[in-house]
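Listed here are the chains, written in short residue letters.
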Amino acid sequence: MLFLIPLALCFVGLPLLLIHPTCPQIFGEAYSHVKVNERVVALTFDDGPIPGFTDDVLAVLNKHNIHATFFLIGERAEKNPDLVKKIYTAGHELGNHTWSHALMLFKSPQFTREQIEKTDAVLRKLGYNKEIYFRSPYGQKLLILPWVLSEMHKKNILFDAYGWDWDSPGTDKIVENVMDKVSPGSIILLHDGCGTREQTVAAADTIIQQLKAQGPRLSVCNRNRAACHEQRDERRLLINSERK
Ligand SMILES: [Zn+2]
């Protein structure tokens, strides 16, 4: 019976490992953390845009002079065009979080590609002209999604520091969850969509204050600095700069 253990590891353990956001993809590029020499992190928000909560997040970012990346759900972007424009005209980046936020583990290549292309098309129609990164819903991937992304030359931008804010565990707990996991090069995940987000908005305010108090973690990559040309693809758009 012992011979079943390695088989179980192969057929159950390996797929579970590949699904997890912090594990590598078999195809294409995925990042849950960026290798950096400086104390920087990237701040990201998922599942918007949602009128009210996205506006509140933007106000917090503006207050602290910080840029973030917003991974938008396509059908929500289409319903809220002015909010999409408000995000990127404030200097933030837009990402593609699929059209309908479906779990993409066992979807067909055609369904997967349509979810991505349709969302990109809306963002382009609304005037966004920078590279559009991708983040898989729930941070999960297996084989088909990474393969489609690699065919489309898209990076999957995942995360390694998250607040469990989708469970609304309380502002202090969200802050604690993020601060426990964050390290230089981390990609922080919070949500401006996905239910009521008052706790997240308050937590983002505190997280930014605490990170700033610890050093220039949020301020490294000024896009005009020569220092950022190194590892440019990974850092320029992932690590968001404090505005000058
Ligand atoms: Zn999501």
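Residues numbered from 1 in each chain as written. Predicted model: local features only at pLDDT ≥ 70, side-chain atom pairs only at ≥ 80, totals over all residues.

Checked against the element boundaries, Asp165 lands in the loop between β7 (161-162) and α7 (171-181). By the C-beta count within 10 Å, which is 28 here, Asp165 ends up buried. The contacts of Asp165, once residues within four sequence positions are left out, are Ile174, Leu190, His191, Gln199, Thr200 and Ala203. (Helix = DSSP H or I, 4+ residues; strand = E, 2+ residues; numbered from the N terminus. Buried ≥ 20, exposed ≤ 12 C-beta atoms within 10 Å, placed from the backbone. Contact = placed C-beta atoms within 7 Å.)

Before going further, it helps to spend a moment on the packing of α7 against helix α8 (residues 198-214). Geometry of a packed helix pair, given as the angle between the helix axes and the separation of the axes. Where α7 meets α8, the axes come as close as 8 Å, and the angle between the chain directions of the two elements is 45°. Judged by the angle between their axes, α7 and α8 are oblique. Where α7 crosses over α8, the handedness of that crossing is right-handed. For the pair formed by α7 and α8, the contact residues are Thr171, Ile174, Val175, Val178 and Met179 on the first element and Gln199, Thr200, Ala202, Ala203, Thr206, Ile207 and Gln210 on the second. A class-by-class count of the residues in the contact of α7 with α8 yields seven nonpolar, five polar and no charged. (Axes fitted to C-alpha atoms, helices over the stretch in contact; angles between N-to-C directions. Parallel < 35°, antiparallel > 145°, perpendicular 65-115°, else oblique. Left-handed = near helix turned anticlockwise from the far one by under 90°. Nonpolar A, V, L, I, M, F, W, Y, C, P; charged D, E, K, R; others polar.)

Across the two faces of strand β4 (residues 93-96) the burial is the same, with Glu93 and Gly95 and Leu94 and Asn96 all buried. The pairing of strand β3 (residues 69-72) with β4 spans four bridges and is classified as parallel. Across the sheet, residue Thr69 finds its bridge partner in β4, namely Glu93. Inspection of the sheet shows β4 paired to strand β5 (residues 133-134) by two bridges, in the parallel sense. Looking at the pairing, Asn96 lines up with Phe134 of β5. Note that the unit made of β4, helix α5 (residues 109-125) and β5 has a crossover that is right-handed. (Pairing = 2+ DSSP bridges. Right-handed = clockwise from strand over helix to strand, strands pointing away.)

Cis geometry is found at the peptide bond from Gly48 to Pro49, where omega equals 0°. Take Pro49: it is sitting in the loop between β2 (42-46) and α2 (53-64). Even without glycine at this site, His101 takes up a positive phi of about 60°. The topology assignment puts His101 in the loop between β4 and α5. When the 19 C-beta atoms within 10 Å are taken as the criterion, His101 is described as partly exposed. With phi around 55°, Trp164 is a residue other than glycine that occupies positive phi space. Locating Trp164 in the fold gives a position in the loop between β7 and α7. By C-beta crowding, Trp164 is classed as partly exposed, having 13 other C-beta atoms within 10 Å.

The next thing to look at is the nonpolar core. By size, the foremost hydrophobic cluster in this structure holds 54 residues, and its most contacted members are Val178, Ile187 and Ile188. Residue contributions to this core peak at six residues, all from α8. Val178 has contacts with Ala161, Tyr162, Gly163, Ile188 and Ile207, leaving out every residue within four places of it along the chain. (Core = buried A, V, L, I, M, F, W, Y, C linked by C-beta atoms within 7 Å.)

Along the chain, the position of Leu94 falls in strand β4. The spatial distance from the C-alpha of Leu94 to the C-alpha of Phe45 is 9.7 Å, given a sequence separation of 49 residues. Non-local contacts of Leu94, meaning those with residues more than four positions away in its chain, are made with Phe70, Leu72, Ile87, Tyr88, Leu123, Tyr128 and Ile132.

When helix α4 (residues 81-89) is considered as a whole, its buried residues turn out to be Leu83, Val84 and Ile87. Across the axial projection of α4, the buried residues extend over an arc of 105°, all falling on one side. Opposite the packed face of α4, turned more than 90 degrees from it, sit the exposed residues Asp82 and Thr89. Buried positions along α4 lie against α2, β3, α3 (74-79), β4 and α5. Looking one or two places after α4, you find Gly91, whose phi comes out positive at around 95°. (Arc of directions from axis to C-beta.)

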